[in-house]
Amino acid sequence: MTEYDSWASDYDAWSAGMTEDIPFYTDLVREADGPVVELMVGTGRVAIPAARATGKRIVGIDSSPAMLEVARERAGDLSLDLRLGDVCDLELGERAALVYIPFRSLLHVPGWRARRRLFERVAASLRPGGRFAFNGFVFDPKLAVEQDGATIVQNGIEHTVRHVPADNRIELAREGADTLHLWWWTRPEIEGLLEIAGLEIEALYGWFDRRPFDETSREMVWIARKP
């Protein structure tokens, strides 16, 4: 059991407002010349439409059995290879052409040490020229103050937001479910993690339409490449 299991039945409704990342990641899947892996695949919100649109086999890895069970039911006969596992211990039988982590899921990985381990495992799992793509929000201190302690109804699912600045942590609390934890990042942190892992930055966008990243951007959308 993980904290994400208790969100599995409502996750698709809770995340229904996010659709703009699906074409972005689907295009990357389409461009990949080799195996494709989605980490933290959850209920298959991105992997299922990407597999359907491209006809490609996608390996999806997640630590939540309940999330994977929902994904299996939704995937039907699509070519989706769903696996239970810790992404920080990523091991693939064949090196990938693309590894991606959508929907800010990388923010669920707590702290530098675990993220470094994940980035290094991704780099080791990519073939030369392979790509690593992911996204996360730009931390907004003003929004954090406004949201702290607020109850938000998101597509009919109510949750309370708490910010813990001393730990760079955000908590999403919901009655009858475990609290989800996210740790926000900075651009220099991600650049450092990519460099340590031996990955080169191909692009940093400010949104999924590939607009340039600038001081007004509220999202960091990254594509890195293994030399």
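Cut-offs and rules
Sequence order as written defines the numbering, with residues in each chain counted from 1. A pLDDT threshold of at least 70 governs which residues receive local features in this predicted model, and a stricter bar of 80 or more applies before side-chain atom pairs are shown or counted, although totals over entire chains, interfaces and linings include all residues. Side-chain metrics in this entry use all non-hydrogen atoms of the structure; hydrogen atoms and water are not considered. In this scheme, a residue with accessible area under 20% of its type's maximum is buried, one over 50% is exposed, and one in between is partly exposed, where area comes from a 1.4 Å probe on protein chains only. A run of DSSP states H or I qualifies as a helix once it reaches four residues; a run of E qualifies as a strand once it reaches two. Both are numbered from the N-terminal end. What the arc covers is the set of directions going from the helix axis to the C-beta atoms. Throughout, a residue-residue contact means that at least one pair of heavy atoms, one from each residue, lies within 4.5 Å. Between any two strands, pairing holds if DSSP finds at least two bridges. Helix axes are fitted only over the stretch in contact, all axes being lines through C-alpha atoms; the angle between N-to-C directions runs from 0 to 180 degrees. What makes a nonpolar core is a set of buried Ala, Val, Leu, Ile, Met, Phe, Trp, Tyr and Cys residues whose side-chain atoms join them at distances within 4.5 Å. For this analysis, a ring pair means two rings from Phe, Tyr or Trp (six-membered ring only for Trp) whose centres lie within 6.5 Å, classed as stacked if their planes differ by under 30 degrees, edge-to-face if by over 60, and tilted for the remaining angles.

**Student:** How do you make sense of helix H4 (residues 65–75) when you look at a structure like this?
**Tutor:** For an α-helix, 3.6 residues make a turn, and residues three or four places apart therefore share a direction. Within H4 the residues assigned to the buried category are Met 67, Leu 68, Val 70, Ala 71 and Ala 75. Along the long axis of H4, the arc covered by the buried residues comes to 160 degrees, so they all point the same way. Residues of H4 that are buried in the fold lie against helix H1 (8–14), helix H3 (47–54), strand S2 (58–62) and strand S3 (80–84). Gly 76 lies just past H4 and shows a positive phi near 60 degrees.

**Student:** Any chance you could explain the sheet that holds strand S7 (residues 157–164) here in plain terms?
**Tutor:** In any sheet, the strands associate via hydrogen bonds between backbone groups, in a parallel or an antiparallel arrangement. Spatial strand order, S6-S7-S8-S9: four strands in an open sheet with antiparallel pairing. Unpaired on one side and paired on the other, strand S6 (151–154) and strand S9 (180–183) mark the two borders of the sheet. Direction aside, the axes of adjacent strands within the sheet are offset by 30 degrees on average. With five bridges joining them, S7 and strand S8 (residues 169–173) adopt antiparallel strand pairing. If you follow His 163 over to S8, its bridge partner there is Ile 170.

**Student:** Looking at this model, I keep getting lost on the nonpolar core. Mind explaining?
**Tutor:** The nonpolar side chains of a soluble globular protein tend to be buried, and buried together. Ranked by internal contacts, the top residues of the largest apolar core, which has 80 residues, are Leu 39, Tyr 100, Phe 132 and Phe 134. Per-element tally for this core: the top contributor is strand S4 (residues 96–101), with six residues.

**Student:** How should the sheet that holds S3 be read in this particular structure?
**Tutor:** Taken in spatial order, the seven strands make up an open sheet running S3-S2-S1-S4-S5-S11-S10, and their pairing is mixed. Each edge of the sheet is formed by a strand with only one pairing partner; in this case those strands are S3 and strand S10 (200–205). Neighbouring strand axes in the sheet, compared pairwise and without regard to direction, differ in orientation by 15 degrees on average. Of the strand pairs in this sheet, strand S1 (residues 36–39) and S2 are connected by four bridges, and their pairing is parallel. Opposite Leu 39, over in S2, you have Ile 61 as the bridge partner. Contacting strand S5 (126–137), S10 and strand S11 (219–225), helix H7 (residues 187–197) runs over the sheet at an angle of about 15 degrees to S11.

**Student:** Please explain the packing of aromatic side chains as it appears in this structure.
**Tutor:** Given two aromatic rings, one states the distance between the centres and the angle between the planes to describe the pair. Per the counting criterion, the structure on display carries 16 aromatic pairs. Residues Phe 119 and Phe 132 carry aromatic rings whose centres are separated by 5.3 Å and whose planes lie at 85 degrees to one another, so their mutual orientation is edge-to-face. Taken together, the positions of Phe 119 in helix H5 (residues 111–125) and Phe 132 in strand S5 put the pair 13 residues apart, joining distant regions of the chain. A residue is classified by how much of its surface remains accessible, and Phe 119, at 0% relative accessible area, is buried. For Phe 132, a relative accessible area of 0% corresponds to the buried category. Seen in terms of ring centroids, Phe 139 and Trp 184 are 3.9 Å apart; in terms of plane orientation they differ by 10 degrees. Their pairing is stacked. Note that Phe 139 is positioned in the loop between S5 and helix H6 (141–147) and Trp 184 in the loop between S9 and H7, a separation of 45 residues in sequence. Among the residues examined, Phe 139 registers a relative accessible area of 25% and is labelled partly exposed. Members of the aromatic cluster, each reached through a chain of ring pairs, are Phe 24, Tyr 25, Tyr 100, Tyr 205, Trp 207 and Phe 208.

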